[in-house]
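This is what each chain is made of:
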Amino acid sequence: MTHLLLRLTTVTSLLAVLLLTLSGLASAAPQNSVSQPMVCQAVPVESIADKSVRLQATKAGEIGVESKSTRILSNDKAYFEGNVIIQRNGQWLSTQAATLDQQKGQIEASNGINFSDGYLSVSGESLFLDLNSNEARLYSSDYRLENVNARGHAELLSLSQQQVLLQDSSFTTCPGDTPAWQLRAERIEIDENSDFGEAWHARFELFDVPILYLPYFNFPISDARKTGFLYPTFDSSSNNGFEVEVPYYFNIAPNMDATVAPIYMSERGTMLTGEYRYLFDESVGQLNLEYLNNDKAIATEDSRYLWHVQHKTQFNDKLSLYLDGTQISDDNYLNDFGSDFAGRADTHLYRVAQLDYINENWTAQVRTEDYEILGDYLSPFRTLPQISLNYQQNKFTGFSTNLYTELTYFQNQDRASNYATRAHIEPSFKYRYEKPAFDAEAELSYLFTRYQQQSDDIRLDEDVTRTLPRARLQAQLHLERSTSDGYRQTLSPQIQYLYVPYENQQNIGIYDTALLQDDYYGLFRSRRFSGLDRIAEANQITYGLTTSLFTDNEREVLRASLGQIYNIEDSRTALLIEETEEPTFTSSNSEWVADINWAMTDEWSLKSSIQYDTELNSTRKSQTALEYRKNSGNLVQVSHRKATNILNNDIEQVGTQAVFAASKQWQVAANVFYDLTHDRVNDAMVGIQYSNCCWAVRVSAYRRINRDLEPAFNNATINADTEFDNGISIQFIISGLASDNRGLIDMLEKSTYGYRRPFYLSN
């Protein structure tokens, strides 16, 4: 047995060049390909290093050689024969015969060669390596990336320091002698200085059947982007007919790109969509446009469109700008076409532009905003603009002062003659006392508001001045104990007293005010309405209790809350109805509010909230979701929601949605939402996917309410026979060349009501 150690520091890195080759082929998918439905398990390959038990590890840059016999042909040339193993820098080359010429810097191997480095394996007939020119040629070689099972064959692999050439080559990620798919090319060139490789006379084969021929194409070998077509998508629905989308990507600059995608719909025509994105040191944003010139499915010949803009600029650490807005041509646009920027069940679109300045004690903001209500409702007012200034000062421990000022101009979207100017000043003084087991807060505010109004409503006065004091006292205990079963339990009872005198406000219009949502934490607000157009009087006591359970690693497994507002005096301030002497809220009809978040196990969770009227013995609003979630591929959720007197209608709905991986190859997703009030299915979807390491097919179907928001949206249309939109979609995915990161759970999220996790506040 012969062992040699030779110091050759100029030997090219065969591993680096071959990895460049294979990473280039494996990156042939476009930029929107992110993940594979299923990854083949790599076939274990016996390491050449396992065969060599005597060859010692070489130093960096040295070559170690092991063979059965050695002949020294000259001072600089040696011939090795019989189980020859050559090692350098963790790379191993196995062959039956090899010649090493140190003077010329050449290695020749024949009678079969095998190369391995733990990540890459190559086997072939022969190898020639020129160490001086850093060039290598491998003949009739099979290669394999062991971790991902990508493999292929090349009659010639010609490797240099900056270029890789493959002739008569193939690539696939499928196992077996007859792969489900493979890519063949007469010639492939990869330049180390380029982000893209080139292929000539390439053909794509499915089960050995050529289905696509390309005389020339290029592909990415890095994260660099390139202008060109992305993979098309196909869909079908009863509303739009057969759909096909063919996106084209523009790589404008390293910090800018755009995508233009025509979408052909057999029932409506061809829509053109576009997206432009940009990223600068201080700014980031995007612009989107969708345009359909003439919708064949409707009687009018009006064009239909959507535009969306989003922008953010951080000028410095104090000054920032934010824009976000979406506009549609008609109220039915979202129902007919859907959107990434609004849900099909959304009732309005929101647009805002604001400039913020934040200093140590000062906060200033200039903002414009408006809502577009979808459906036949009264048009809301736009804020054009609102200028606000907030000052806060903490001079002494526990004491703080605050001054909030606002000047706002409102204008009706449809009736420009209806407008108003509102000026508001709100100084407040607060004292807060905190201890580990107790905290308390006392706050006194004075609310001064002046309106100048121009309206068609004769009940609204031209000039209105409103002045209201507000007093608030709040206290909370923080109790804690260890339970016998190893949990840490916290108990936090709290109480609040709120006083605001009554003032008749029916001579003030509604410009930016709405009733706030009620939950446990909302009980302790100092206001019942958002905005300033209505300030509800209050002489009330709010009391509540929250308890939590924590594990020894501080994981909260349970949080339960219960609270109620007790009105000492009747409340008469209402939002939209005319105020009368009859009370709106009294002590006798005050509601209990309860919330619970319970992680019963690592897989089971429950979230529920309820508002219960003890006087009427009825539930005014409730929402419950019970979920089993083993992982992202296996979950089941059952939900129930109820609300009363929503636009003079009651809503009660049950739903269930699930994703189930029956095996590594088969996955199923489905949801259904049933309207108990009207005895009908509002939304249903089912999707089935088969996938293996080479390809996947996904079939999905849906049925959802076809909302028509253009006519008057009243009780008659709500309770009338409802039309439904039915659709089916088929997607075929090639793993390793094109893949889809939009899993089956994403199909649920994009349905009308959408999947929501019970414990996620971002829902």
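Parameters and conventions
- Residues numbered from 1 in each chain as written.
- Predicted model: local features only at pLDDT ≥ 70, side-chain atom pairs only at ≥ 80, totals over all residues.
- Heavy atoms only, no water.
- Helix = DSSP H or I, 4+ residues; strand = E, 2+ residues; numbered from the N terminus.
- Buried < 20%, exposed > 50% of the residue type's maximum accessible area, 1.4 Å probe, protein only.
- Contact = heavy atoms within 4.5 Å.
- Areas by Shrake-Rupley, 256 points an atom, 1.4 Å probe, with all protein chains shown as cover.
- Pairing = 2+ DSSP bridges.
- Phe/Tyr/Trp six-rings, centres within 6.5 Å; stacked < 30°, edge-to-face > 60°.
- Patch = residues over 30% accessible without salt bridge, like charges linked within 9 Å, V, L, I, M, F, W, Y side chains within 5 Å.
- Salt bridge = Lys/Arg side-chain N within 4 Å of Asp/Glu carboxyl O.
- Polar contact = N/O pair within 3.5 Å; in protein donor to acceptor, adjacent residues only side chain to side chain.
- Core = buried A, V, L, I, M, F, W, Y, C linked by side-chain atoms within 4.5 Å.
- Lys, Arg positive; Asp, Glu negative; His and termini not counted.
- Charge placed at Lys NZ, Arg CZ, Asp CG, Glu CD.
- pLDDT = per-residue confidence, 0-100.

Remarks on the overall build of the protein
Item 1. Looking only at helices and strands, the protein has 5 helices and 43 strands in total.
Item 2. For the protein, with 763 residues in total, the buried portion stands at 44%.
Item 3. A separation threshold of at least 6 residues defines the contact pool for the protein, and within that pool the share at least 24 residues apart is 50%.
Item 4. Summed over its atoms, the accessible surface of the protein is roughly 39700 Å², and 53% of this surface lies on carbon and sulfur atoms.

Some details on the pairing of strand β17 (residues 241–245)
Each regular strand displays side chains that alternate between the two surfaces of the sheet.
Item 1. Inspection of the sheet shows strand β16 (residues 233–237) paired to β17 by 5 bridges, in the antiparallel sense. Paired with serine 236 across the strands is phenylalanine 242, a residue of β17.
Item 2. Hairpin connection, β16 to β17: the antiparallel pair is bridged by 3 residues.

Regarding the pairing of strand β6 (residues 106–116)
Item 1. Direction of pairing for strand β5 (residues 91–101) relative to β6: antiparallel, over a ladder of 9 bridges. Counterpart to leucine 93 in the pairing with β6 is phenylalanine 115.
Item 2. Between β5 and β6, which pair antiparallel in sequence order, lie 4 residues; one of them, glycine 105, sits at a positive phi of approximately 70°.
Item 3. Inspection of the sheet shows β6 paired to strand β8 (residues 126–130) by 4 bridges, in the antiparallel sense. In the sheet register, glutamate 108 faces β8, and the bridge partner there is phenylalanine 128.

What to know about the environment of serine 482
Item 1. By secondary structure assignment, the location of serine 482 is in strand β31 (residues 479–482).
Item 2. Assessed through its relative accessible area of 62%, serine 482 is described here as exposed.

Side note on the packing of aromatic side chains
Item 1. Enumeration according to the criterion identifies 20 aromatic pairs in this entry.
Item 2. A ring pair is formed by tyrosine 350 and tyrosine 371, whose centres lie 4.9 Å apart and whose planes are at 40°; its orientation type is tilted. Here tyrosine 371 lies in strand β25 (residues 362–373) and tyrosine 350 lies in strand β24 (residues 348–358), a separation of 21 residues in the sequence.
Item 3. Consider the rings of phenylalanine 381 and tyrosine 511, whose centres lie 4.9 Å apart with planes at 80°: the pair is edge-to-face. Of the two residues, phenylalanine 381 is situated in strand β26 (residues 381–396) and tyrosine 511 in the loop between β32 (488–500) and β33 (538–550); the sequence distance between them amounts to 130 residues.

Comments concerning a nonpolar patch on the surface
Item 1. A surface patch of nonpolar side chains, about 490 Å² in accessible area, is lined by Trp598, Met600, Trp604, Leu626, Val636 and Val638.
Item 2. Following the sequence through the fold, methionine 600 ends up in the loop between β35 (591–598) and β36 (604–613).

What to know about the side chain of glutamine 413
Item 1. Its place among the elements puts glutamine 413 in the loop between β27 (399–412) and β28 (419–435).
Item 2. A distance of 2.3 Å separates a polar side-chain atom of glutamine 413 from the backbone oxygen of tyrosine 371.
Item 3. The contacts of glutamine 413, once residues within four sequence positions are left out, are Asp370, Tyr371, Glu372, Ser379, Pro380 and Arg382.

Notes on the nonpolar core
Item 1. The biggest cluster of nonpolar side chains holds 40 residues, and the ones touching the most others in it are Ile86, Leu138, Leu166 and Trp181.
Item 2. The element best represented in this core is strand β12 (residues 181–191), accounting for 5 residues.
Item 3. Within the second largest apolar cluster, 12 residues are counted, among which are Leu306, Phe337, Ala342 and Leu374.

A word on the pattern of salt bridges
Item 1. Under the criterion given, the structure shown has 29 salt bridges.
Item 2. Across the salt bridge formed by arginine 187 and glutamate 189, the nearest N and O atoms sit 2.4 Å from each other.
Item 3. Accessibility expressed as a relative area gives 30% for arginine 187, which makes it partly exposed.
Item 4. By relative accessible area, glutamate 189 is classed as buried at 17%.
Item 5. What emerges from the salt-bridge pattern is a single network uniting Arg432, Glu434, Asp439, Glu441, Glu443 and Arg472.

With respect to a negative patch on the surface
Item 1. The grouping of Glu125, Glu155, Asp168 and Glu186 at the surface amounts to a negative patch.
Item 2. Relative to the assigned elements, glutamate 155 resides in strand β10 (residues 150–159).
Item 3. Judged by its relative accessible area of 39%, glutamate 155 is partly exposed.

Let's talk about unusual backbone geometry
Item 1. Here leucine 384 and proline 385 are connected by a cis peptide whose omega angle stands at -10°.
Item 2. Tracing the sequence through the fold places proline 385 in strand β26.
Item 3. Notably, serine 140 is not glycine yet its phi reads approximately 45°, a positive angle.
Item 4. Tracing the sequence through the fold places serine 140 in strand β9 (residues 135–145).
Item 5. Its identity is not glycine, yet histidine 201 carries a phi of approximately 50°, on the positive side.
Item 6. Structurally, the position occupied by histidine 201 is in strand β13 (residues 196–206).
Item 7. Among the residues examined, histidine 201 registers a relative accessible area of 36% and is labelled partly exposed.

Some words on the side chain of glutamine 540
Item 1. Its location among the elements puts glutamine 540 in strand β33.
Item 2. Glutamine 540 sits in the buried class, given a relative accessible area of 11%.

Structural notes on the confidence of the model for the protein
Low-pLDDT portions of the prediction should not be read for the details of their coordinates.
Item 1. Within the protein, residue pLDDT values average 81, and 81% of them lie at 70 or more.
Item 2. Segment residues 712–720: pLDDT under 50, and 13 contacts once partners within four positions in sequence are set aside and those in other chains are kept.

Focus on the environment of leucine 676
Item 1. Residue placement: leucine 676 occurs in the loop between β40 (666–675) and β41 (680–691).
Item 2. With residues near it in sequence (within four places) discarded, leucine 676 still touches Glu652, Gln653 and Val654.

A look at the environment of isoleucine 565
Item 1. Assignment of secondary structure puts isoleucine 565 in strand β34 (residues 556–567).
Item 2. Separated by 41 residues in sequence, isoleucine 565 and phenylalanine 524 have C-alpha atoms that sit 8.6 Å apart.

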